[in-house]
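Each chain, written out:
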Amino acid sequence: MTIRQFAALCGCSTQTLRYYDKVDLLKPVEVDSWTGYRYYEEEQALVFVKIKHLQKAGFTIEEIRPLLEADSATVCRAFDAKIEQTEARLREIRMIRASYQNEMNEIQRKISEVREKIMQSMNRYDATAEFGIDEQQYAAICGNVEELFNNLAADPPKDIEYIEFSDGEAAEEEEEYLDLLHNPDYEIVYEKHGWEYVKDFFREFDMLEDGAEYALIFQVTEDKERYNTAFGNTILGVLLARNPNKRRSLSCNMGVTTDGENHFWLLKKKR
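The notes below deal with the structure included here. Keep in mind it's a predicted model, so treat the numbers as computed, not measured.

### Things to note about the pattern of salt bridges
And then number 1: The final tally for this structure, using the stated rule, is 12 salt bridges.
And then number 2: Across the salt bridge formed by R89 and E92, the nearest N and O atoms sit 3.0 Å from each other. On the criterion of helical spacing, the pair formed by R89 and E92 is a turn pair, its members being three residues apart in helix α5 (residues 72-124).
And then number 3: Residue classification places E92 among the partly exposed residues on the basis of a relative accessible area of 40%.
And then number 4: Two residues, R242 and D206, come together in a salt bridge whose shortest N-O distance is 3.3 Å. Of this pair, R242 sits in helix α10 (residues 228-242) while D206 sits in the loop between β3 (186-193) and β4 (213-220), and the two are 36 residues apart along the sequence.

### What to know about the pairing of β4
And then number 1: Counting buried residues in β4 gives seven out of eight residues, a clear majority hidden from the surface.
And then number 2: In this structure, β4 lies alongside strand β5 (residues 249-256), joined through eight bridges in parallel fashion. When the bridges of β5 are listed, E213 appears paired with S249.

### So, the sheet that holds strand β6 (residues 263-269)
And then number 1: Spatial ordering of the open sheet is given by β3-β6-β4-β5, a layout of four strands whose pairing is mixed. Either end of the sheet is taken by a strand with one partner, and the two such strands are β3 and β5. In this sheet, adjacent strand axes meet at a mean angle of 15° when their direction is disregarded.
And then number 2: Running over the sheet, α10 touches β4 and β5 and is turned about 150° from β5.

### Things to note about helix α2 (residues 14-22)
And then number 1: When we look at burial in α2, the residues that qualify are T14, L17, Y20 and D21. Buried residues of α2, viewed axially, fall in a sector of 120°; they line one side. Seen from the open side of α2, the exposed residues pointing more than 90 degrees away from its buried face are Q15 and K22.
And then number 2: Where α2 is buried, its residues meet α1 (3-10), β2 (38-39) and α3 (44-56).

### Examining the nonpolar core
And then number 1: In this structure, V198, F205, F218, I235 and F264 are the most contacted members of the largest nonpolar core, which totals 36 residues.
And then number 2: Among the secondary structure elements, those contributing two or more residues to this core are α5, α6 (127-131), α7 (135-154), β4, α10 and β6.
And then number 3: Residues in contact with V198, not counting those within four places in the same chain, are E130, F131, F218, F231 and I235.

### Some words on unusual backbone geometry
And then number 1: Positioned with a positive phi, D24 is a non-glycine residue whose angle comes to about 65°.
And then number 2: As for its position among the elements, D24 is in the loop between α2 and β1 (30-31).
And then number 3: Classification of D24 by relative accessible area gives partly exposed; the value is 46%.
And then number 4: Of note in this structure, N245 is not a glycine but carries a positive phi near 65°.
And then number 5: Residue position: N245 is located in the loop between α10 and β5.
And then number 6: Classification of N245 as exposed rests on a relative accessible area of 80%.

### Let's talk about the side chain of K224
And then number 1: Within the fold, K224 resides in helix α9 (residues 222-225).
And then number 2: Residue classification places K224 among the buried positions, given a relative accessible area of 8%.
And then number 3: Here the side chain of K224 touches E130 through a polar contact of 2.3 Å, side chain to side chain.
And then number 4: In contact with K224, not counting residues within four places along its chain, are E130, W195, E196, Y197, M254 and N262.

### Points about the packing of aromatic side chains
And then number 1: Evaluated as defined, the whole model comprises 18 aromatic pairs.
And then number 2: Note on W195 and F218: the rings are 6.1 Å apart at their centroids and 80° apart in plane angle, and the pair reads as edge-to-face. Here W195 is found in the loop between β3 and β4, whereas its partner F218 is found in strand β4, with 23 residues between them in sequence. Across this residue pair, the class does not change: W195 and F218 are buried.
And then number 3: Taken together, F131, Y190, W195, F201, F202, F205, F218, F231 and F264 form an aromatic cluster joined through their ring pairs.
And then number 4: Taking NZ or CZ as reference, K82 lies 4.7 Å from the ring centre of F59, over its face.
And then number 5: Lying across the ring of Y197, K199 places its NZ or CZ 5.4 Å from the centre.

### Details of the side chain of E130
And then number 1: When you line up the elements, E130 lands in helix α6.
And then number 2: Judged by relative accessible area, which is 5%, E130 ranks as buried.
And then number 3: Here the side chain of E130 touches V198 through a polar contact of 2.7 Å, landing on its backbone nitrogen.
And then number 4: Dropping the residues within four chain positions of it, E130 is found in contact with Y125, W195, E196, Y197, V198, K199, K224 and F231.

Reading the values: the criteria
- Residues numbered from 1 in each chain as written.
- Predicted model: local features only at pLDDT ≥ 70, side-chain atom pairs only at ≥ 80, totals over all residues.
- Heavy atoms only, no water.
- Salt bridge = Lys/Arg side-chain N within 4 Å of Asp/Glu carboxyl O.
- Helix = DSSP H or I, 4+ residues; strand = E, 2+ residues; numbered from the N terminus.
- Buried < 20%, exposed > 50% of the residue type's maximum accessible area, 1.4 Å probe, protein only.
- Pairing = 2+ DSSP bridges.
- Axes fitted to C-alpha atoms, helices over the stretch in contact; angles between N-to-C directions.
- Contact = heavy atoms within 4.5 Å.
- Arc of directions from axis to C-beta.
- Core = buried A, V, L, I, M, F, W, Y, C linked by side-chain atoms within 4.5 Å.
- Polar contact = N/O pair within 3.5 Å; in protein donor to acceptor, adjacent residues only side chain to side chain.
- Phe/Tyr/Trp six-rings, centres within 6.5 Å; stacked < 30°, edge-to-face > 60°.
- Lys NZ or Arg CZ within 6 Å of the ring centre and 35° of its normal.

Taken by themselves, the reported measurements are silent on function.
Take a look at the structure:
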């Protein structure tokens, strides 16, 4: 029978039969070399039924092929195995659903803890001497930081992680960020050494290129590094305020100086 007649017998479209032919599931018994017409035998409708139900049950094409020549008992055992797999997956999904809200609550709690620590640090910090900004400017920076955390709390990312470093881990982290100075993907576009306050040289590097990715590296005395969170958020906040409407990526890393002098590098990622 023609492909149209066979499709009518099986209750499917001719496109479905052409697809089964293409993926070697159900091929016509004959293809007219002149017209290209496909012809099927009535008994092939049994193969079609097997394919249809295996597909509905979630079997892949690769899983279906070896079952086409199998007897009904073998096919039924394959259905039983698929049922077990599906039930196991359903149990897993139920467990995920049960833990979802608990994990979301835990993430929000962690965000609140981080926010509280950062805001406490920033509220204790006096940015005037270091950056030469007034209380109103600093309050705006603090407000932006708090808004960021409020947005995170409202829609927390699922993969947020907060780590408190021990002394050994902090040293390892410092070594890692200092490696940026030797990273061939970055270039040093500005550096300053032996300075007392950032406000003394900030205007020398505060204009950023639109669309560029920057990394700020500070090695500072312990009295500055003890406020590293407030220091880092302030310098980033001031830079963003000085470069409105620009697309940019900024990161700030700080460590304790080894020679008693303050050091700074501004790096830009190469394109």
